[in-house]
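# Descriptive structure summary
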Amino acid sequence: MAAHEIKSLHAEPHELEGSRRDKGHSADLVLERLGKKPVLKRNFGMLSMLGFSCTILVTWEGFACLFLQPLTNGGPAGAVYGFLFVWLGVACVFVVLSELASMAPTSGGQYHWVSMLAPPSKVKFLSYITAWLTFIGWQATFATAAFLTGTMIQGVAVLTHPGYVPANWHATFYYWAVVAFAVGINIVGRSVLPKFEGLILVVHIVGFFAVLIPLVSLADTVSAKDVFTQFINEGGWSSQGLSFFVGLIGCVFAFAGGDAAVHMSEEIENAPVLVPRAIMLSVLINGTLGFAMVLALLFCLTDLEGALVSPTGFPYMEVFRAGTGSVGGAAAMSAIIITVCLTSTTGMMAATSRQFWAFSRDRGVPGWRIWSQVSPTTSIPTYAVMLTTFIAALLALIPIGSAVAFNQLCAMSTSGLYMSYILVAGLLLWRRLEGSIHLTADADETVNTIGSKLVWGPFRVPGALGVVINIFAIIYSLIAMFFSFWPTVSVVTVETMNFSIVGTVGVIFLSIVYYFVRARHVYTGPIIETVPH
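Notes on the structure follow. Everything numeric here is computed off the predicted structure, so don't read it as measured data. Residue positions are given per chain, counting from 1 as you read along its sequence in written order. Given that this is a predicted model, residues contribute local features only at a pLDDT of at least 70 and side-chain atom pairs are listed and counted only at 80 or more, while totals for whole chains, interfaces and linings are drawn from all residues. In computing side-chain properties, one takes all heavy atoms of the structure into account and sets aside hydrogens as well as water.

## Quick notes on the overall build of the chain
Broken down by element type, the chain carries 23 helices and zero strands. The atom set for the radius of gyration is the C-alpha atoms, and the globule formula is 2.2 Å times the number of residues raised to the power 0.38. For 533 residues, the compact-globule formula gives about 24 Å, and the C-alpha radius of gyration of the chain, at 23 Å, lands near that figure. In terms of principal-axis extent, the alpha carbons of the chain reach across some 65 × 45 × 45 Å. Counting the 533 residues in the chain, one finds 60% classified as buried. When contacts within the chain are restricted to residue pairs at least 6 apart in sequence, long-range pairs at least 24 apart make up 82% of them. In the structure as shown, the chain presents an accessible area of about 19,100 Å², 69% of it carried by carbon and sulfur atoms. When charges are counted, Lys and Arg contribute as positive and Asp and Glu as negative, whereas His and the chain ends are disregarded. To locate a charge, take NZ of a lysine, CZ of an arginine, CG of an aspartate or CD of a glutamate. One way to put it: in the chain the 26 positive side-chain charges average out to a point 9 Å from where the 27 negative ones average out. Here a helix means four or more residues in a row that DSSP labels H or I, a strand means two or more in a row labelled E, and each is numbered from the N terminus. Each residue gets one of three labels from its accessible area relative to the maximum for its type: buried under 20%, exposed over 50%, partly exposed in between, using a 1.4 Å probe on protein chains only. In this analysis, two residues are considered to be in contact whenever any of their non-hydrogen atoms come within 4.5 Å of each other. The Shrake-Rupley method, run with a 1.4 Å probe, gives the accessible areas here. Residue values count only the displayed protein chains as cover.

This is the structure in structure tokens:
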């Protein structure tokens, strides 16, 4: 790509580049060594990025929302052991993502990593497909989070007004309200989002204790035997083991969005160090809080059948109501979860739009000239944010026809993101075993991009331990992806069928068609925009 073409895509990149170099912004120099011009404002610090990463995972809140799935397939014991298995698997996946983010901290994330790791003959196609898988996963994650938040608001309305019978279209309007909130925070830009994420981190942690303490203090409890040995197979599967794996997806989605911080890499100082640190701290904090909430909900679950058939649609609301003996108390505790989930959608929209913007910057999507533009006043890829909003708004029409069909987006989120994780983890393992990743490189050398030298970043797990973690991350990701396509019951009808594979494969098919018709002529992988000085 010619220099004048690059400049036409972004808001005065030559001025931004010059001013930042004068200030000695090492993060921009790292980005330039990856071949990319710094065009986004680096407004995030460690605390705000930790808040961003933690409140996208919202694990303790997410598990409460998706409490139903591990209960029906697995039961209380399945939920406990399933959560621990997922936590371990996710931690290994996050280590791999952190190693790669430390090597190449760009908004492109997975598709950039594939381009630097894949064999030269396969770079173009594999990076292209990875980008679309990531886009599918993130768009589905954002839409699912908005839908869950909207239906939780509706659930509280049912809890506090038992006579209220919501129509199908009500969920769509709640959903649109959540999306409107997210786009409002994102479009303002500049330093608003980082400050907002730092504040919500406090709510995320303090809110946990505000829910946990009254619940365990007031509620009657079941025995440890009921929690740790009671398995349930409501799906009618041939074995309890199969039922256990089908029920894992609720726990998997509670950890969805581990690569969110990666897609904000170009907006944080010292990205090679702080992005991995934020990712690993988020899985530690969220896993700990999440497991504590798992135990609290299960020990306070004195009426399993009543929770499963709660008119709110969310068993945790019935657990709160029964535990506190107060509808008002249950509504207040539910409001804390809803607040954090609402605010998490702002980060999800940011991550989704940045990944799409980065892919557009490399000419991978139709209309890339528009989507790759950055606002000169807010330093936000406004058009990419608006497209994300438009797609989410269209998806909100699905629940009017079938809420069950919309719920398959949760599975698409898992399948899309985990397919991209499998690709990058597999390629990293290959490069790791052949010893082609170096420890150092010359200061004036382009590294960690297509056709260039591979160099480890500040964060890595050396030796055999790194290999073992890498292998387990792949195995876990394959399990999560495979069971994301399964229905929740063995006797499948139109209502219970999991159509997520149709959506995932459909988008992949359309992207491949576009690749052969158009993209292969303009997309070559991450474009080298700069030469390090």
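That was the structure; now back to the text.
## Here we look at the packing of helix α7 (residues 75-103) against helix α22 (residues 463-484)
The axes are straight lines fitted to the C-alpha atoms, using for helices just the contacting stretch, and the angles between their N-to-C directions are given from 0 to 180°. Axis separation between α7 and α22 bottoms out at 8 Å; the angle between their running directions is 125°. Taken together, the axes of α7 and α22 are oblique relative to one another. Considering the relative orientation of α7 and α22, their crossing is left-handed. Packed against α7, whose contacting residues are Phe85, Val86, Leu88, Gly89, Val90, Cys92, Val93, Val95 and Val96, the element α22 presents Ile469, Asn470, Phe472, Ala473, Tyr476, Ser477 and Ile479 at the interface. Roughly parallel means an angle under 35 degrees; roughly antiparallel, over 145; roughly perpendicular, 65 to 115; everything else is oblique. In this scheme the crossing of two helices becomes right-handed for a clockwise turn of the near helix relative to the far one and left-handed for an anticlockwise turn of less than a right angle.

## Digging into the packing of aromatic side chains
Pairing of aromatic rings covers Phe, Tyr and Trp, the last counted by its six-membered ring, and requires centre-to-centre distances within 6.5 Å; plane angles under 30 degrees mean stacked, over 60 mean edge-to-face, and any other angle means tilted. As enumerated under the stated definition, the model contains 39 aromatic pairs in all. Both rings, one in Phe85 and one in Tyr476, keep their centres 5.9 Å apart while their planes meet at 65°; by these two values the pair is edge-to-face. Residue Phe85 is located in helix α7, and its partner Tyr476 is located in helix α22; the two are separated by 391 residues in the primary sequence. The class for Phe85 is partly exposed, based on a relative accessible area of 22%. Given a relative accessible area of 1%, Tyr476 falls into the buried group. Ring geometry for Tyr128 and Phe359: centres 5.9 Å apart, planes at 55°, overall tilted. Of this pair, Tyr128 sits in helix α9 (residues 123-160) while Phe359 sits in helix α17 (residues 327-361); the two residues are 231 residues apart in sequence, bridging distant segments of the chain. For the pair formed by Tyr128 and Phe359, the shared burial category is buried. The structure contains a cluster of three or more aromatic residues connected by ring pairs, namely Phe85, Trp237, Phe244, Phe245, Tyr418, Tyr421, Phe472, Tyr476, Phe482, Phe483 and Trp486.

## With respect to α17
Given the number of residues in a helix, its expected span is that number minus one, multiplied by 1.5 Å. Taking 1.5 Å as the rise per residue, α17 with 35 residues should run 51 Å; its terminal C-alpha atoms sit 51 Å apart, in good agreement. Burial within α17 is extensive, with 27 of its 35 residues counted as buried. Regarding α17, its N-cap is Ser326, as a side-chain oxygen of that residue lies 3.3 Å from the backbone nitrogen of Gly328 further along. Contacts described as polar in this section are N or O atom pairs within 3.5 Å, which, within protein, must combine one atom able to donate a hydrogen with one able to accept it, while residues neighboring in sequence count only if both atoms come from side chains.

## Observations concerning unusual backbone geometry
In this model, Asn270 sits at a positive phi of 50°, which is unusual for a non-glycine residue. The residue Asn270 is located in the loop between α13 (240-254) and α14 (271-299) in this model. Residue classification places Asn270 among the partly exposed residues on the basis of a relative accessible area of 34%. One non-glycine residue, Asn448, lies in positive phi territory at about 55°.

## With respect to the environment of Gly287
Position of Gly287 among the secondary structure elements: in helix α14. Discounting residues that sit within four places of it in the chain, Gly287 has contacts with Phe83, Trp87, Phe255 and Ser282.

## So, the packing of α9 against helix α23 (residues 500-522)
Packing of α9 against α23 leaves a shortest axis separation of 10 Å and a crossing angle of 140°. Judged by the inter-axis angle, α9 sits oblique to α23. By crossing handedness, the relation of α9 to α23 is classed as right-handed. Contact residues: Lys124, Phe125, Tyr128, Ile129, Trp132, Leu133 and Ile136 in α9; Thr504, Val507, Ile508, Ser511, Ile512, Tyr514, Tyr515, Ala519 and Arg520 in α23.

## A word on the side chain of Thr352
Along the chain, Thr352 falls in helix α17. Overall, Thr352 belongs to the buried group, its relative accessible area being 0%. Not counting residues within four places of it along the chain, the set of residues in contact with Thr352 comprises Trp138, Gln139, Phe142 and Thr388.

## Regarding the side chain of Thr149
Inspection of the secondary structure assignment puts Thr149 in helix α9. When neighbours within four sequence positions are excluded, Thr149 is seen to be in contact with Val178, Ile338, Cys341, Leu342 and Thr345.

## Some details on the environment of Ala27
For Ala27, the position within the fold is in helix α3 (residues 26-33). Residue Ala27 is classed as buried on the basis of its relative accessible area, which comes to 4%. As a C-alpha pair, Ala27 and Ile268 span 241 residues in sequence and 7.8 Å in three-dimensional space. The contacts of Ala27, once residues within four sequence positions are left out, are Arg42, Ile268, Glu269, Asn270 and Ala271.

## Remarks on a nonpolar patch on the surface
Residues Trp169, Phe173, Trp176, Phe390, Leu394, Leu397 and Ile400 make up a contiguous nonpolar surface patch of roughly 710 Å² in combined accessible area. Counting residues per element, the ones that place at least two in the nonpolar patch are α10 (168-188) and α19 (382-395). Per element, the largest residue contribution to the nonpolar patch is three residues, and it comes from α10. With respect to the secondary-structure elements, Ile400 resides in helix α20 (residues 398-401). Here the term patch refers to residues with relative accessible area over 30% and no salt bridge, with like charges joined within 9 Å and nonpolar side chains (Val, Leu, Ile, Met, Phe, Trp, Tyr) within 5 Å. We count a salt bridge whenever a side-chain nitrogen from Lys or Arg sits within 4 Å of a carboxyl oxygen from Asp or Glu.

## As for the state of the cysteines
To count as a disulfide, a pair of cysteine sulfur atoms needs to be within 2.5 Å. Evaluation of the coordinates by the stated rule reveals zero disulfides. Cysteine Cys54 remains unbridged, with the sulfur of Cys341 as its closest cysteine sulfur at 14 Å. With a relative accessible area of 0%, Cys54 lands in the buried category. No disulfide involves Cys300; its sulfur sits 17 Å from the nearest other cysteine sulfur, which is in Cys65. With relative accessibility at 5%, the residue Cys300 sits in the buried group.

## Here's the deal with the pattern of salt bridges
Under the defined criterion, the tally for this structure stands at seven salt bridges. The residue Glu266 makes a salt bridge to Arg361 at a minimum N-O spacing of 2.9 Å. With Glu266 in the loop between α13 and α14 and Arg361 in helix α17, this residue pair connects regions lying 95 residues apart in the sequence. Ionic pairing is found between Arg431 and Glu434, a salt bridge with its closest N-O pair at 2.8 Å. A residue pair is termed a helical-turn pair when its members lie 3 or 4 positions apart in one helix, as Arg431 and Glu434 do in helix α21 (residues 403-434) at three residues.

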